[in-house]
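Chain and residue survey
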Amino acid sequence: MAVYATRLGLVEVADSQRWSCSLPLAGFEELREFVLMHVPAQGPFLWLQSLEVPELAFVLCDAACFGLRYAAGAEYEPEHLLAPPCVLVMLPGRAGETLRVHRQAPVLFDVHAGTLRQQVFEPEHIHGDGAWVGPGACAAVNPAWAERIISVQPLQSGGEGA
């Protein structure tokens, strides 16, 4: 168990909760180690927190919450991953704007290997338009996936920034 500084404060991380990039995230090639954090009050949204740069975290969500499904193929076999494909969420800049997601390049998590990768899908292999349909559309959480996610409470002094 090690303690890391994150956007949400200090977090204890077990080795089994660390994720390594099997392929670097586009634009962040030097970063290889991450954790997934969940703030219960934030519903289905997760934080993909860099362990190398404490200020850097991405907001993710199960693609199904945005009505998205990806066709299985040679590079994507969902039954082997035990985790849903997760889309990067772009937070709105102004009140009233809708959430947008990177629908063509979800992050895939291999629970057995403890690895993640961002994969680009061709448009014909993506089903759905990426509009928010809500957490009721999300898949049931696999226990092996849930064990790798750290549940945290946000800082009370405004330190949880988005």
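Definitions and limits used
Residues numbered from 1 in each chain as written. Predicted model: local features only at pLDDT ≥ 70, side-chain atom pairs only at ≥ 80, totals over all residues. Heavy atoms only, no water. Helix = DSSP H or I, 4+ residues; strand = E, 2+ residues; numbered from the N terminus. Rg over C-alpha atoms; globule rule 2.2 N^0.38 Å. Buried < 20%, exposed > 50% of the residue type's maximum accessible area, 1.4 Å probe, protein only. Contact = heavy atoms within 4.5 Å. Areas by Shrake-Rupley, 256 points an atom, 1.4 Å probe, with all protein chains shown as cover. Lys, Arg positive; Asp, Glu negative; His and termini not counted. Charge placed at Lys NZ, Arg CZ, Asp CG, Glu CD. Pairing = 2+ DSSP bridges. Phe/Tyr/Trp six-rings, centres within 6.5 Å; stacked < 30°, edge-to-face > 60°. Salt bridge = Lys/Arg side-chain N within 4 Å of Asp/Glu carboxyl O. Polar contact = N/O pair within 3.5 Å; in protein donor to acceptor, adjacent residues only side chain to side chain. Disulfide = S-S within 2.5 Å.

1. Considerations on the overall build of the chain
When helices and strands are tallied, the chain shows 2 helices and 13 strands. Computed over C-alpha atoms, the radius of gyration of the chain comes to 15 Å, within 12% of the 15 Å expected from 2.2 N^0.38 for 162 residues, which places it in the range of a compact globule. A burial count over the chain gives 42% of its 162 residues as buried. Contacts in the chain between residues far apart in sequence, at least 24 positions, make up 57% of those at least 6 positions apart. Split by element, the accessible area of the chain, about 8,400 Å² in all, is 55% carbon and sulfur. The average position of the 9 basic charges and that of the 18 acidic charges among the side chains of the chain differ by 5 Å.

2. So, the pairing of strand S1 (residues 2-6)
Where S1 meets strand S2 (residues 9-13), 5 bridges bridge the pair, whose relative direction is antiparallel. Looking at S2, one finds that Ala-2 is bridged to Val-13. Hairpin connection from S1 to S2: 2 residues lie between these consecutive antiparallel strands.

3. Overview of the packing of aromatic side chains
One pass over the structure, following the stated rule, counts 8 aromatic pairs. A ring pair is formed by Phe-28 and Phe-58, whose centres lie 5.1 Å apart and whose planes are at 80°; its orientation type is edge-to-face. With a gap of 30 residues between them, Phe-28 in the loop between strand S3 (18-21) and strand S4 (33-38) and Phe-58 in strand S6 (residues 57-62) connect regions that are remote in the sequence. Here Phe-28 falls in the partly exposed class, since its relative accessible area comes to 27%. With relative accessibility at 17%, the residue Phe-58 sits in the buried group. Centre to centre, the rings of Tyr-76 and Phe-121 are 5.5 Å apart; their planes meet at 90°, and the pair counts as edge-to-face.

4. Considerations on the side chain of Asp-62
Turning to its location among the elements, Asp-62 is positioned in strand S6. Here Asp-62 sits buried without a salt bridge, and the closest side chain of opposite charge, Arg-69, lies 10 Å off (N-O distance). Here Ala-64 takes part through its backbone nitrogen, which lies 2.8 Å from a polar atom of the side chain of Asp-62.

5. Let's talk about the pairing of S6
Within S6, 6 of the 6 residues are buried, leaving the element largely enclosed by the surrounding structure. Burial along S6 is two-sided: Ala-57, Val-59 and Cys-61 and Phe-58, Leu-60 and Asp-62, pointing in opposite directions, are all buried. Pairing analysis gives 4 bridges linking strand S5 (residues 46-50) to S6, with the strands arranged antiparallel. Across the sheet, the residue bridging to Leu-48 is Phe-58, located in S6. Counted between consecutive antiparallel strands, the loop separating S5 from S6 contains 6 residues. As defined by bridge partners, S6 adjoins strand S8 (residues 86-90) across 3 bridges and the pair is classed as antiparallel. What sits directly across from Asp-62, in S8, is Cys-86.

6. Side note on the state of the cysteines
Counting across every chain of the model gives 1 disulfide. Note on cysteine connectivity: Cys-65 is disulfide-linked to Cys-138, with sulfurs 1.8 Å apart. Placement of Cys-65 in the loop between S6 and strand S7 (69-70) and of Cys-138 in the loop between strand S12 (126-127) and helix H2 (143-146) is noted, with a sequence separation of 73 residues between them. The thiol of Cys-21 is unpaired, and the distance to the nearest cysteine sulfur, on Cys-86, comes to 14 Å. A residue is classified by how much of its surface remains accessible, and Cys-21, at 7% relative accessible area, is buried.

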